[in-house]
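A closer look at the structure
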Amino acid sequence: MPFLSLKFNLQKRVKLAQGLWMLYWLAVIVGIILFSLGIFFKIELRKRSEIMDNNESHLVPNLLILVGMLSCGLNAFGGKLCHDSLDPQKFSKMKPMLRPYMLLCCGFNALLLLLVLLCFLMQFAVYLTLAEGLKNAIRFYKDTDTPGRCFMKRTLDMTQIEFRCCGNNNFRDWFEVQWISNRYLDMSNDVVKDRVLSNVEGKYLMDSVPFSCCNPGSPRPCIQHHLTNNSAHYDYDHRTEELNIWNRGCRQAVFSYYSGIMNSIGALLIFTMAGDVAGLKYLSTALETMADPENPECESEGWLLEKGFKETLADLLSKVKTFGRANQVEEGGTSPNVTAT
Amino acid sequence: MVVMKMKFPFQKRVKLAQGLWLLSWCATVAGATTFTLGCLLKTELRRRAEVMANTDIHIVPNTLMIVGLASLGINYFASKICQDALDAGRFPRWKNFLKPYFAVSCFFTVLMLLAIIMSYAMKGSLESSLKAGLRNGIRFYKDTDTPGRCFQKQNIDRLQMEFQCCGNNDFRDWFEIQWISNRYLDFSSTEVKNRIKSNVDGRYLVDGVPFSCCNPSSPRPCIQYRLTNNSAHYNYDYQTEELNIYLRGCREALVNYYMGLMNTIGAGVLSIFLLQGSVLVSLRFLQTAMEAVAGKENTEIETEGYLLEKGVKETVMEYLDPVLTFLLLKNKVEEGTAGETTTAPA
């Protein structure tokens, strides 16, 4: 008793083939979109690799590019199959390729599922890489004369301006590092000497932030120096007043951006795991079971599985068991020799 | 005296009609492109409307949008006409339509060319509009509590950061106005009182610029206050050192941006103008060639096509005459009646 069988006359078969053909070409377009999304994501990761310590994993965009290309190829072939299926001569030529093609499609869907899982799980890796990378970026902000770190200041400034954030967790991260290079500090000045001597490592620490932390939307001209000193500015209380620098930390801001991209990619992938395989199975079985192959207008039956669902599962299990028992038969073959003697 | 006569055997007519049909559909797409380009330019101009004192420059995108829409209609009719052209029975019904159609099409095509010329000619107007708008923007920078000017500060800050510029002509414009609001000045401090008394208008002027003038590419943390005071910063010479604020003025930056945008759009629209012109010329040749076939038994004879029946001046006068007589008509009749009344009694 076939599983989910449907009767098909000529009209219905033609409609099924046409509908499937359109669906396959739509899937080719989606494959192109996936390919370009993969390239976009790769470029976005490379743009900000400096604040991720050049350590970020490109697994998801690379897989996405591969999946996009595979999807284009597979679905174009599927479309060609549908197009040829209504012509009996072409169909008989295509018949041997059907089964491996459907297995390939199932494998491809499994790959898509894996990629969806990766999209959601790799976000943790991105978060950790960002945390580490931003910490180093803030530390190397002042090293504009060290080869390999010349552009760290510029990158971090542009990131803070673009993502409207300040520091790693929040703006207080800037209080803990020396972000002004010694080249611009007057070491003969008493104030400078006091500050440098006041901590163990001899760093010039201040309660100030760089200009890129400033919020243009604030009504007051930016207060970026002496943030915790209420008397340094007129009508200013740093505990009660809304500061005119960004409150958010850059790790949170950049992570929400990347997790947004990855979530949308995951959602699109779930959408593409459509049931093309089911439609193709119906069409192929409908064409195979035509009672009279010479008369194209006869009725036929199409199904998803040849036997019932439980029977097919039992069949598969028994196949797996016989595969396992093949080894056991060989062992059994050796023992009669032992008992005979 | 006919302008540009050409012979058209039957095959050539057929080829002309087919080629024209394809060309007119390309020109329809081009017309839609013109409309889109006009919308794009208008959107870009509106985004920075707060720093422009007047909207004179908007005539360029408005013209482009009108021309784009008109060319959609023109090319639609062109494709319909050339579809009917090869059928000698259907072509005559377009006869009365064609003369005003050509007049309107030529008008809109010339308007397209005018739009391109205007985009270059209005550079001066754009520059003076930006000059006045930026001057006001900088003057009202501190008025974040005045309704209507609350967002001036945010707009100017974002503009300076995005276009990498500072001030109107250059950063010294910030030295000439008070950009720190009185709400944030301690009037009991002697320094503040001195500064305010030191100029006629009683303004608090500083040799400093807002943070949005800072250049992130500079290796040194941003020096934005006491720019002219060498002793205020270590290892700093205002005259010789490369300042770590943007040196370019925002007016220059914006003018360059908009002129670049209009040059690119102008190049595209010029090619669309040539395409549209070729559609109209081909249609004219097809029309005149088919008109010679009308009424003949054998539709496959060779005919002559031309651009203008009379010379250029005479054709222009022919089209302008209806307009002129409409305006002058009243005068002519009045003169005639006055003449009659004077002659009748005599």
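Residues numbered from 1 in each chain as written. Chains lettered and ligands numbered in written order. Predicted model: local features only at pLDDT ≥ 70, side-chain atom pairs only at ≥ 80, totals over all residues. Heavy atoms only, no water.

As a further point, take the domain arrangement of chain B. Here chain B is described as being made up of domain 1 (6-137 + 252-322) and domain 2 (171-247). Its C-alpha centre places domain 1 of chain B at a distance of 54 Å from the equivalent point of domain 2 of chain B. (Domains from an automatic or database assignment.)

This part is about the interface of chain B and chain A. Between chain B and chain A, the contact holds 26 residues from the first and 26 residues from the second. Between chain B and chain A the total buried area reaches about 2,400 Å² when both faces are included, carbon and sulfur atoms providing 65% of it. Inspection of the chain B/chain A interface yields seven residue pairs in polar contact (both at pLDDT 80 or more). Of the residues in the side of chain B that touches chain A, the class split is 13 nonpolar, seven polar and six charged. (Contact = heavy atoms within 4.5 Å. Buried area = accessible area lost by both parts, 1.4 Å probe. Polar contact = N/O pair within 3.5 Å; in protein donor to acceptor, adjacent residues only side chain to side chain. Nonpolar A, V, L, I, M, F, W, Y, C, P; charged D, E, K, R; others polar.)

This part covers the packing of aromatic side chains. Pairs of aromatic rings are described using the distance from one ring centre to the other and the angle between the two planes. The final tally for this structure, using the stated rule, is 26 aromatic pairs over all chains. Judged by centre distance (5.7 Å) and plane angle (70 degrees), the ring pair of B:Tyr101 and B:Phe102 falls under edge-to-face. On the basis of relative accessibility, which here comes to 7%, the residue B:Tyr101 falls in the buried class. Residue B:Phe102 is classed as buried on the basis of its relative accessible area, which comes to 8%. The lysine or arginine in question, A:Arg149, covers the ring of A:Phe140, its NZ or CZ lying 3.7 Å from the ring centre. The positively charged end of B:Arg284 is found above the aromatic ring belonging to B:Phe102, 5.8 Å away from the centroid. (Phe/Tyr/Trp six-rings, centres within 6.5 Å; stacked < 30°, edge-to-face > 60°. Buried < 20%, exposed > 50% of the residue type's maximum accessible area, 1.4 Å probe, protein only. Lys NZ or Arg CZ within 6 Å of the ring centre and 35° of its normal.)

Turning our eyes to something else, we now look at the UniProt feature "transmembrane region" (unreviewed entry) in chain B. Residue and element names in this part refer to chain B. Residues given the UniProt feature "transmembrane region" (unreviewed entry) here are residues 59-79, 100-122 and 265-286. Span residues 59-79 is 100% helix and 0% strand, its end C-alpha atoms 30 Å apart. Annotated as residues 100-122, this span is 96% helix and 0% strand, and its ends, taken at the C-alpha atoms, are 32 Å apart. (UniProt positions renumbered as here; feature names shortened; annotations may be inferred. Helix = DSSP H or I, 4+ residues; strand = E, 2+ residues; numbered from the N terminus.)

Residue and element names in this part refer to chain A. A complete count under the given rule lists 22 salt bridges over all chains for this structure. In this structure, the salt-bridge partner of Asp 84 is Lys 80, at a minimum N-O distance of 3.1 Å. Of the two residues, Asp 84 and Lys 80 are both situated in helix α2 (residues 59-85); the distance of four residues between them amounts to about one turn of the helix. The buried category is assigned to Asp 84, whose relative accessible area is 5%. For Lys 80, a relative accessible area of 44% corresponds to the partly exposed category. Among the ionic contacts, a cluster of salt bridges with common partners joins Glu 44, Lys 47, Arg 48 and Glu 162. (Salt bridge = Lys/Arg side-chain N within 4 Å of Asp/Glu carboxyl O.)

Moving on, we get to the state of the cysteines. Residues and elements named next belong to chain A. For the structure shown, the criterion picks out six disulfides over all chains. One disulfide bridge connects Cys 165 with Cys 250, the sulfur atoms lying 2.0 Å from each other. Across the disulfide from Cys 165 to Cys 250, rotation about the S-S bond amounts to roughly 85 degrees, and the bridge is consequently right-handed. Placement of Cys 165 in the loop between α4 (152-163) and α5 (190-197) and of Cys 250 in helix α6 (residues 250-272) is noted, with a sequence separation of 85 residues between them. Each member of the pair, Cys 165 together with Cys 250, is buried. With a sulfur-sulfur separation of 1.8 Å, Cys 214 is cross-linked through a disulfide to Cys 222. (Disulfide = S-S within 2.5 Å.)

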